[in-house]
Amino acid sequence: MNLIQKYAEQRGVFETAYDSGDWAPLGDYFHEDIIYEVMNMPFHCVIHGRDRMLAALRYSVERFDKLCIRTVGIDSMIRQEGANVLVHSGMRFERDGAPATTATLWEIATYRGDRIERILDIYDPQCAASFERWMADWGQGLDPRYLAEEP
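The following paragraphs examine the structure supplied in this document. (Residues numbered from 1 in each chain as written. Predicted model: local features only at pLDDT ≥ 70, side-chain atom pairs only at ≥ 80, totals over all residues. Heavy atoms only, no water.)

## Side note on the packing of aromatic side chains
Counted according to the given criterion, the structure contains 9 aromatic pairs. Consider the rings of Phe43 and Tyr146, whose centres lie 6.1 Å apart with planes at 50 degrees: the pair is tilted. With a gap of 103 residues between them, Phe43 in the loop between strand S1 (30–39) and strand S2 (45–48) and Tyr146 in the segment after helix H3 (127–138) connect regions that are remote in the sequence. Residue Phe43 shares its accessibility class with Tyr146, and that shared class is buried. For the pair Phe64 and Phe93, a centre-to-centre distance of 4.9 Å together with 70 degrees between the ring planes defines the contact as edge-to-face. Taken together, the residues Phe64 in the loop between helix H2 (50–63) and strand S3 (69–81) and Phe93 in strand S4 (residues 84–94) connect sequence positions 29 residues apart. Since its relative accessible area comes to 4%, Phe64 is described here as buried. A residue is classified by how much of its surface remains accessible, and Phe93, at 8% relative accessible area, is buried. (Phe/Tyr/Trp six-rings, centres within 6.5 Å; stacked < 30°, edge-to-face > 60°. Helix = DSSP H or I, 4+ residues; strand = E, 2+ residues; numbered from the N terminus. Buried < 20%, exposed > 50% of the residue type's maximum accessible area, 1.4 Å probe, protein only.)

## A look at the environment of Ser76
Note that Ser76 resides in strand S3. Along the sequence, Ser76 and Tyr146 sit 70 residues apart, while their C-alpha atoms lie 23 Å from each other. Ser76 has contacts with His88 and Ser89, leaving out every residue within four places of it along the chain. Among the polar contacts listed, one links the side chain of Ser76 to the backbone oxygen of Gly73, at a separation of 3.0 Å. (Contact = heavy atoms within 4.5 Å. Polar contact = N/O pair within 3.5 Å; in protein donor to acceptor, adjacent residues only side chain to side chain.)

## Here's the deal with the sheet that holds S2
Pairing in this open sheet of 6 strands is mixed, and the strands run S2-S1-S6-S5-S4-S3 from one edge to the other. Unpaired on one side and paired on the other, S2 and S3 mark the two borders of the sheet. Strand-to-strand, the axes of this sheet are offset by a mean angle of 15 degrees, without reference to chain direction. In the packing of helix H1 (residues 3–20) onto the sheet, the strands contacted are S1, S3, S4, strand S5 (101–112) and strand S6 (115–123), and the crossing angle to S3 comes to about 165 degrees. (Pairing = 2+ DSSP bridges. Axes fitted to C-alpha atoms, helices over the stretch in contact; angles between N-to-C directions.)

## Considerations on the nonpolar core
Counting 44 residues, the largest nonpolar core has Leu26, Phe30, Leu57, Tyr123 and Tyr146 as its most contacted members. With 6 residues, H1 is the single largest residue contributor to this core. Each residue touching Tyr146, except ones within four places of it in the same chain, is listed here: Tyr36, Val38, Phe43, Cys45, Ile47, Ala56, Leu57, Tyr59 and Ser60. (Core = buried A, V, L, I, M, F, W, Y, C linked by side-chain atoms within 4.5 Å.)

## Topic: H1
Here H1 is 18 residues long and its end C-alpha atoms lie 25 Å apart, about the 26 Å a rise of 1.5 Å per residue gives. Every buried residue of H1 is listed here: Leu3, Lys6, Tyr7, Gln10, Val13, Phe14, Ala17 and Tyr18. For H1, the arc enclosing every buried residue in end-on projection is 150 degrees, short of the 170-degree limit, so these residues lie on one face. Looking at H1, the residues exposed on the side facing more than 90 degrees away from the buried face are Thr16 and Asp19. Buried residues along H1 sit in contact with S1, H2, S3, S4, S5 and S6. Its side-chain oxygen at 3.0 Å from the backbone nitrogen of Ile4, Asn2 defines the N-terminal cap of H1. Backbone geometry just downstream of H1 places Gly21 in the positive-phi region, at approximately 85 degrees. (Expected span 1.5 Å × (residues − 1). Arc of directions from axis to C-beta.)

Spelled out as structure tokens, the structure:
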């Protein structure tokens, strides 16, 4: 199985975890010492370690994603360069009575063997300001952060 297939398999397990709330099976796709970093958004963070990353994903999903209608994989492009899988795609979040907010980003997953050792989510330049405006106008009760201690 090549890395793009491995990445796609991991994304399928992510979606199952998203729906079920059972994030444990997703852990098999990551090294214990994984680093996950989100860049160019108000909820920038750097998370070290598999257990902390899985808890952070759950935290964000429960306080933001699941309180919206989520569409992922808009205009996706995927390629492999060495040990990296690079994905550029968009996502849209909607709420009753609010216009949708859309963000595009690069996700870069770096593999060591058959598991991911680092993930970088780098949002496109225009996304931060647009997202901040949407949150100010329509984001009441939503918390997109991955960690409670983030500003």
